[in-house]
Amino acid sequence: MFSQFVNDGVPAPVFWAFVGAAIIIQGISKSGFAGGAGILSMPLMFFVMPVNRAAAVMLPLLILCDMNAIYHHRRNKDWKTVLRLYIPSVFGIAAGAAVWWWIGREGVEGYGIWIKRFVGVIAMVFAVYIACKEMAMAWIDRFRPGAAAGWAAGLAAGFTSTIAHAAGPIVSLYIFAQDLGKTLFVGTVAWTFTLINLSKLPFYFGVGLLEKDVLLFGAVLVPLIPVGSWLGKWMHHRVSETLFNRIILVLVFIAGVQLFFGFDPVMWALKLFGGDG
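Remember, it's a predicted structure, so these values are computed and weren't measured experimentally.

> Give me the lowdown on the nonpolar core, citing residues and values where you can.
Judged by nonpolar contacts, the single largest core of 61 residues is most densely connected at V19, M45, M49, V57, W100 and F217. When residues of this core are assigned to their parent elements, the largest contribution, 11 residues, is made by helix α3 (residues 51–72). Of all hydrophobic cores here, the second largest spans nine residues; its members include L85, A167, V171 and Y174.

Structure (structure tokens):
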């Protein structure tokens, strides 16, 4: 039924294992435990799915996560900071949608590798960000970036979010630098991503990424979100967040290198162990 979502040669059990892990990790990240872990989701899906399908499937699921987040933080937001990022992000979203439109017109087969390389670079940069997060936060804390920096950050966030749902570091660093306090920080981040992801919806429909079969496939994955959320809350009191983040760091960096250089670990493993798909 969902064969069009599976890369050639990928067995169904491997496909569902990678996609299931990607959604559960996203749920863990949105639970508040290891907030940066969600960056691993798209590389995992890119290994077993066409890039356009992976990006499209993830958007409605992210919006569901966002709705839950803003319900809990409905009063915790700084609108000035949200709008400083959100307004320019719309232009970044439009630019990202134009890229997807071009890829759809020219054929995802020829341009999918460039999307993977783009995501690979983001993944490697994000891994370095995780490794140096405390240093980055300490450095950023010396500054109070204003409207001009907000426009730059918003444009970049809108574009990277539209291409690969990977604007987390950009948004988080800018909002952290506003010194809002923990509660307002978390709520402001949640509201910013909610607006960005909702704004991506009409663009995704417009360029043909979101179709009926994508929504049906996404509906099958919805139950994994609360599973990830529950797991994140369970891990909060039982697993070292620092250790978990370090594991994610290594996996994200490895995945980024593999995507950038076009190495497919899934197909390599299947060939190594005699899998014929």
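Moving on from the model shown.
> Describe the pattern of salt bridges, and please don't skip the residues or the numbers.
Opposite charge on two side chains allows them to pair when their charged atoms are near. Counted according to the given criterion, the structure contains two salt bridges. In this structure, R53 engages D213 in a salt bridge whose closest nitrogen and oxygen atoms are separated by 2.9 Å. On the criterion of sequence distance, the pair formed by R53 in helix α3 and D213 in helix α10 (residues 212–221) is long-range, its members being 160 residues apart. When sorted by exposure, R53 lands in the same class as D213, which is buried.

> Tell me about the packing of aromatic side chains, and name the residues and values.
Under the defined criterion, the tally for this structure stands at nine aromatic pairs. Aromatic pair W79 and W191: ring centres 5.3 Å apart, planes at 65°, arrangement edge-to-face. In this pair, W79 is assigned in helix α4 (residues 79–106) and W191 in helix α9 (residues 182–206), connecting sequence segments 112 residues apart. Owing to a relative accessible area of 40%, W79 belongs among the partly exposed residues under this scheme. With a centroid separation of 6.4 Å and 90° between ring planes, the pair formed by F176 and F185 is classed as edge-to-face. Judged by relative accessible area, F176 falls into the partly exposed class, the value being 28%. We classify F185 as partly exposed; its relative accessible area is 22%. A connected cluster of aromatic rings, assembled from ring pairs, spans F5, F15, W16 and F217. A cation sits over an aromatic face here: R74 above Y71, 4.5 Å from the ring centre.

> Which residues make up the confidence of the model for the protein chain, and what are the values?
Considering every residue of the protein chain, the mean pLDDT works out to 86; 93% of them sit at 70 or more. Per-residue pLDDT, averaged within each element of the protein chain, yields its smallest value for helix α6 (residues 133–140) (64) and its largest for α4 (94).

About the cut-offs
Residues numbered from 1 in each chain as written. Predicted model: local features only at pLDDT ≥ 70, side-chain atom pairs only at ≥ 80, totals over all residues. Heavy atoms only, no water. Core = buried A, V, L, I, M, F, W, Y, C linked by side-chain atoms within 4.5 Å. Buried < 20%, exposed > 50% of the residue type's maximum accessible area, 1.4 Å probe, protein only. Helix = DSSP H or I, 4+ residues; strand = E, 2+ residues; numbered from the N terminus. Salt bridge = Lys/Arg side-chain N within 4 Å of Asp/Glu carboxyl O. Phe/Tyr/Trp six-rings, centres within 6.5 Å; stacked < 30°, edge-to-face > 60°. Lys NZ or Arg CZ within 6 Å of the ring centre and 35° of its normal. pLDDT = per-residue confidence, 0-100.

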